[in-house]
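Topology and contacts: notes
Now for the letters of each chain:
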Amino acid sequence: MTKRAPLPYAIPTRARPAEAPKAFDSLGAYPRIRMRRNRADAWNRALVAEHRLSASDLIWPVFLQEEDGCFPIPSMPGVDRLGLGPLVDAVGEARALGIPAVALFPATQIERKTEDGDEALNPDNLVCQAVRAVKKAFPDIGVMCDVALDPYTSHGHDGLVRDGVIVNDETVAVLCRQAVLQAEAGCDIISPSDMMDGRVGAIRDALDRAGFAQVRIMSYAAKYASAFYGPFRDAIGAVSNSPGNKRDKRTYQMDPANADEALREVALDLAEGADMVMVKPGLPYLDVVSRVKDAFGVPTFAYMVSGEYAMIKGAALNGWLDGEAAMMEALLGFKRAGADGVLTYFAVDAAKVLKRD
Ligand code: PBG
């Protein structure tokens, strides 16, 4: 069971003191305390607000496509795969809104996918081209890239498969080369999302040896085997409903039942040299975000994943939710849980709301 720190004050439970004035009967035991006083006016609510969301808390994940243009993703209404031209324009808009960093995800053409994901090691692959284009146009925005093989493998797994097993160490060797290529293209934050053991330390060594001591690592430290990645796999698969979409990743991603294990994963990644850690998905795992931040006090991020975006967006499009209010409330919830920032497909929409209000 989760151990919680005791509250620094007692919750009032005793009976109303006999001397309390009659007029306050309906207020129970503590007639002088009216919690609603601090909620009565907008200025007062602003004064006592404990947490605030700002555009500088947001990282915007963007999907890339080889052809130029914008290509809608059916399961993520409002999110498009972008060709390099539209990508640079979109990143410029995000930057102008105060978003500090973007994360780039390639949708690799199906004919380039292979059993071993060789395209990951092509220095001119889509993600490397995109990093170069973005950094050339906006040297002052942070660019983050996933390290994992799933955009490139025909089977959709994050690692190499040998006799039906996702092999660890052989995969890590490839991931190190992938990370160095992305750093050479200008990537600022390498983000291993593969969940192989020992990859953070190996990637740190490889980056340092290649002269990239300044390139940061944000590890997907506690990444769960989640149903909420469905739309993402749709977005990076060349063909919707391709066999890769429903891959079972439970032999490397975490069991949703576990939280202590997340602390161990985070401890290991920090020991191996991670500069920042991430918990993923977000909303169903806010307890993990909170425990990680409490236990380690390091820069902690949450990834509000594709399925979480789709839930809010889908309900809003059906008229079942106030989409904007639900988006802002969910994002603030991450801050309250202790996250320093959130990766979210809502980043630009939320930054626009923050600018307006
Ligand atoms: C790749 C990766 C995934 C996501 C980010 N990087 C999918 C997966 O692990 O299957 C999910 C992001 C999202 O759903 O928005 N390893």
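Read on for an overview of the structure. Given the structure is predicted, the values throughout are model-derived calculations rather than measurements.

Rules and cut-offs
Residues numbered from 1 in each chain as written. Predicted model: local features only at pLDDT ≥ 70, side-chain atom pairs only at ≥ 80, totals over all residues. Heavy atoms only, no water. Helix = DSSP H or I, 4+ residues; strand = E, 2+ residues; numbered from the N terminus. Rg over C-alpha atoms; globule rule 2.2 N^0.38 Å. Buried < 20%, exposed > 50% of the residue type's maximum accessible area, 1.4 Å probe, protein only. Contact = heavy atoms within 4.5 Å. Areas by Shrake-Rupley, 256 points an atom, 1.4 Å probe, with all protein chains shown as cover. Lys, Arg positive; Asp, Glu negative; His and termini not counted. Charge placed at Lys NZ, Arg CZ, Asp CG, Glu CD. Near = heavy atom within 4 Å. Polar contact = N/O pair within 3.5 Å; in protein donor to acceptor, adjacent residues only side chain to side chain. 1 Å grid on protein atoms, 1.4 Å probe; cavity = no way out; pocket = protein on both sides within 12 Å on 5 of 7 lines; lining within 4 Å. Sits in = over half its atoms within 2 Å of the grid points. Nonpolar A, V, L, I, M, F, W, Y, C, P; charged D, E, K, R; others polar. Core = buried A, V, L, I, M, F, W, Y, C linked by side-chain atoms within 4.5 Å. Points joined across faces, edges and corners; volume = space filled by probe spheres on them. Phe/Tyr/Trp six-rings, centres within 6.5 Å; stacked < 30°, edge-to-face > 60°. Lys NZ or Arg CZ within 6 Å of the ring centre and 35° of its normal.

**As for the overall build of the protein**
Assigned secondary structure in the protein consists of 11 helices and 12 strands. Here the C-alpha atoms of the protein give a radius of gyration of 23 Å, agreeing with the 21 Å that 2.2 N^0.38 yields for 357 residues. Taken along its principal axes, the extent of the C-alpha atoms in the protein is 80 × 40 × 40 Å. The burial tally for the protein puts 52% of its 357 residues in the buried class. Counting contacts in the protein only where the partners sit at least 6 residues apart, residues at least 24 apart contribute 73% of the total. Counting only carbon and sulfur atoms, one obtains 54% of the accessible surface of the protein, whose full area is about 17200 Å². Charge centroids of the protein, computed over 41 positive and 48 negative side chains, lie 9 Å from each other.

**Observations concerning the site of the ligand**
The ligand sits among 19 residues. The nearest are Asp158, Lys223, Lys280, Ser306 and Tyr345. Between the ligand and Lys223, the relevant distance is 2.7 Å, taken from an oxygen atom to a side-chain nitrogen or oxygen of the residue. Here Gln253 contributes a side-chain N or O atom positioned 2.9 Å from an oxygen atom of the ligand. Protein burial of the ligand: of its 400 Å² of free accessible surface, 100% is covered by the chains. Judged by the fraction of its atoms near the pocket grid, the ligand is located in the largest cavity. If you list the elements that add at least two residues to the shell around the ligand, you get strand E9 (216-223) and helix H6 (230-236). Along the lines of polarity and charge, the residues of the shell around the ligand split into nine nonpolar, three polar and seven charged.

**Overview of the environment of Lys352**
Its place among the elements puts Lys352 in helix H11 (residues 347-356). Residue classification places Lys352 among the partly exposed positions, given a relative accessible area of 40%. Residues Lys352 and Leu97, 255 residues apart in the sequence, show an inter-C-alpha distance of 6.9 Å.

**A word on the nonpolar core**
Counting 112 residues, the largest nonpolar core has Phe63, Leu104 and Leu207 as its most contacted members. Here the element with the most residues in this core is helix H4 (residues 168-185); it accounts for eight residues. Filtering out sequence-adjacent residues up to four positions away, Leu104 remains in contact with Val62, Leu64, Leu87, Val127, Ala130, Val131, Val143, Met144, Cys145 and Asp146.

**Focus on empty space enclosed by the protein**
Here the structure, examined in full by the defined rule, presents two cavities of 30 Å³ or more. Its volume calculated, the largest cavity comes out at about 110 Å³. Together, 15 residues line the largest cavity, and Asp150, Lys223, Tyr229, Phe232 and Lys280 are the ones closest to its centre. When its volume is computed, the second largest cavity comes out at roughly 80 Å³. As for the second largest cavity, its lining consists of 14 residues, and the residues nearest its centre are Phe105, Pro106, Asp146, Ala148 and Pro151. Counting residues per element, the ones that place at least two in the lining of the second largest cavity are strand E4 (101-106), strand E5 (142-147) and H4.

**Observations regarding the layout of surface pockets**
Taken as a whole, the largest pocket holds about 280 Å³ of empty space. Along its surface, the largest pocket is lined by 15 residues, and Trp60, Gly78, Val79, Asp80 and Val348 are the ones closest to its centre. Among the secondary structure elements, those contributing two or more residues to the lining of the largest pocket are strand E1 (58-64), strand E3 (80-82), helix H2 (84-96), helix H9 (306-317) and H11. It is E1 that provides the largest number of residues to the lining of the largest pocket, a total of four residues. Tallied by class, the residues present in the lining of the largest pocket amount to 10 nonpolar, one polar and four charged.

**A few points about the packing of aromatic side chains**
Counted by the stated rule, this structure contains 10 aromatic pairs. Aromatic pair Phe105 and Tyr303: ring centres 6.5 Å apart, planes at 50°, arrangement tilted. Taken as a pair, Phe105 in strand E4 and Tyr303 in strand E11 (residues 300-304) lie far apart in primary sequence, 198 residues in all. You'll find Phe105 and Tyr303 in the same group, each marked buried. Consider the rings of Tyr309 and Phe346, whose centres lie 4.6 Å apart with planes at 45°: the pair is tilted. Taken as a pair, Tyr309 in helix H9 and Phe346 in the loop between strand E12 (341-344) and H11 lie far apart in primary sequence, 37 residues in all. Assessed through its relative accessible area of 2%, Phe346 is described here as buried. Here the aromatic cluster, defined as three or more aromatic residues joined through ring pairs, consists of Phe63, Phe105, Tyr220, Phe232, Tyr303, Tyr309, Tyr345 and Phe346. Its guanidinium or amino end placed over the ring of Tyr220, Lys223 lies 5.1 Å from that ring's centre, counting from NZ or CZ. Over the ring of Tyr229 we find Lys280; its NZ or CZ atom is 4.3 Å from the centre of that ring.

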